[in-house]
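Summary of structural features
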Amino acid sequence: MRKPFFMLIILLLFVVSIAVIPALWAYSPTEFPRSLHSKIQSGAVYLQVYNTSRKKTEYVNIEEYLPGVIAAEMPASYEPEALKAQAVAARSYIFYKLDIVSPEHPDAAVCDNPNHCKAHITEAEARKKWAGTEADRYWKKIVDAVSSTKGEYMVCDDEVVEAFFFAQSGGRTENSEDVWGESRPYLKSVESPENLTSADFTSAKEVTFREFRKILSTQNPKIAVNSSAPVIGETVRTQGQSVKSLTVDNIPFSGKEIRTLFELKSANFTISLSENSVVFSVIGYGHGVGMSQSGANEMAKNGKKYTEILSHYYTNIQIMKI
C-alpha cells in the first residue's frame, strides 16, 4: 500500500513543479534579489527608483528610464557620440548602485535627486525645457543614444564601474582620491579637451572681507569675524589643478570645503584681494572626477567614437554588454 502512495506523492510534486517553476521565472523584477544578474529578465534589467516628488518607489526598465536621465544630465545639443558615452556611463553608474543599500532610499537602487544619485525628467518635462522646433530632434537623439548602446556598461577588474561624470574641467580631470579620499583604478587624472568659450569654463564670485570671514567661521570658529583683509597662505593643488588645501590666517582648509562654503562651480579656483573684498576666479564646473561632459563633446567633434571617449576618461575599463 505504501508504494502506490509514495508514487502518488512523487506525481503530485512533479505536477506542482511544472506549475510553479514557470511562475517563478515570471516573477516581477520587484521580487528579485538586489544583484545585477538576478535582475536581468529576457535581456532587460529592471530597477527600483525612488521618485522624490511622488515620494514613492517605482519599478522601471532601465532602457526606458535612461533617456530621462540623459535629458536631465547632458545638453541634448551635444554630439551623438558624446550622448552615447553618457548613456553607457549613466547605465554603468546605475548598475553599480544595484548592489548598494542607501539609507536615503533603502527600498530603491537609485533616486532622481541629482545631489544624491542621478537626475531624471520625463519626456514631457524635457520637451518643455527645450521648447520650439528642436524638441523632436533632441528627444530622438537621446533615445537613439540609449538604444544604440543598449545593455552596454563598463567594468574594471570584473567589477561594475562607478562611472562619475561632471559638466566641465579646467583641462584635466581629477584622481578620485584627491576629491573623495578613495583611489579607483578607473578614476585617474587625464587631460581633457574643453570648450574654452563655454559659459561654464570660467566663473567668478566676490564677497566682502567680513562676509568671507563669517562664512569661514561656520567651518572653523578660530577665524576672526571682522573687516580686515585675510591672509591667504600657500595653495596646494591636485594633479587636476584643483585646490587641495590652503590656509587663511594660518588656519588650514581643504579646497572642497572652500568650494562648498562659497558655492563655487568647482574647486579649481584662485583667490585675489581687492580693496575690501575677496574675489574667486573659478575654472570648470563640477567635482572633476570621471568623464567631463564638455570634454566628451569636444572629443566627439574631433571624430572620436563613444568607446574611445569612455576609454579615455575611465582608465583600465572594458565595455561589456548584457
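Residues numbered from 1 in each chain as written. Predicted model: local features only at pLDDT ≥ 70, side-chain atom pairs only at ≥ 80, totals over all residues. Heavy atoms only, no water.

1. Some remarks on helix α5 (residues 134–147)
Given a rise of 1.5 Å per residue, 14 residues ought to cover 20 Å, and the 20 Å separating the end C-alpha atoms of α5 matches this to within 8%. Burial in α5 covers these residues: A135, Y138, W139, K141, I142, A145 and V146. Viewed end-on, α5 has its buried residues packed into an arc of 155°, placing them on one side of the element. Among the exposed residues of α5, those oriented more than 90 degrees off its buried face are D136 and K140. (Helix = DSSP H or I, 4+ residues; strand = E, 2+ residues; numbered from the N terminus. Expected span 1.5 Å × (residues − 1). Buried < 20%, exposed > 50% of the residue type's maximum accessible area, 1.4 Å probe, protein only. Arc of directions from axis to C-beta.)

2. A short note on the confidence of the model for the protein chain
Taken over all residues, the pLDDT of the protein chain has a mean of 86, while the share at 70 or more is 84%. Segment residues 15–38: pLDDT under 50, and 33 contacts once partners within four positions in sequence are set aside and those in other chains are kept. (pLDDT = per-residue confidence, 0-100. Contact = heavy atoms within 4.5 Å.)

3. Considerations on the sheet that holds strand β9 (residues 236–237)
On the basis of which strands lie adjacent, the open sheet formed by three strands has the order β9-β10-β11 and antiparallel pairing. Every interior strand has two partners, whereas the edge strands, β9 and β11 (251–254), have only one. (Pairing = 2+ DSSP bridges.)

4. Quick word on the layout of surface pockets
Approximately 990 Å³ is the volume attributed to the largest pocket. Lining the largest pocket are 42 residues, and of these W180, R259, G286, H287 and G288 sit closest to its centre. For the lining of the largest pocket, the secondary structure elements donating two or more residues are α2 (62–73), β7 (165–166), α6 (176–180), β10 (243–248) and α8 (255–261). Residue contributions to the lining of the largest pocket peak at four residues, all from α8. Residues of the lining of the largest pocket, tallied by class, amount to 15 nonpolar, 18 polar and nine charged. Around the second largest pocket, the lining residues are V49, N51, S53, R54, E58, V60, Y65, D112, H120, I121, T122 and E125. Put simply, the parts of the chain that give the lining of the second largest pocket at least two residues each are β2 (44–51) and β3 (56–61). Here the lining of the second largest pocket is built from residues that sort into four nonpolar, four polar and four charged. (1 Å grid on protein atoms, 1.4 Å probe; cavity = no way out; pocket = protein on both sides within 12 Å on 5 of 7 lines; lining within 4 Å. Points joined across faces, edges and corners; volume = space filled by probe spheres on them. Nonpolar A, V, L, I, M, F, W, Y, C, P; charged D, E, K, R; others polar.)

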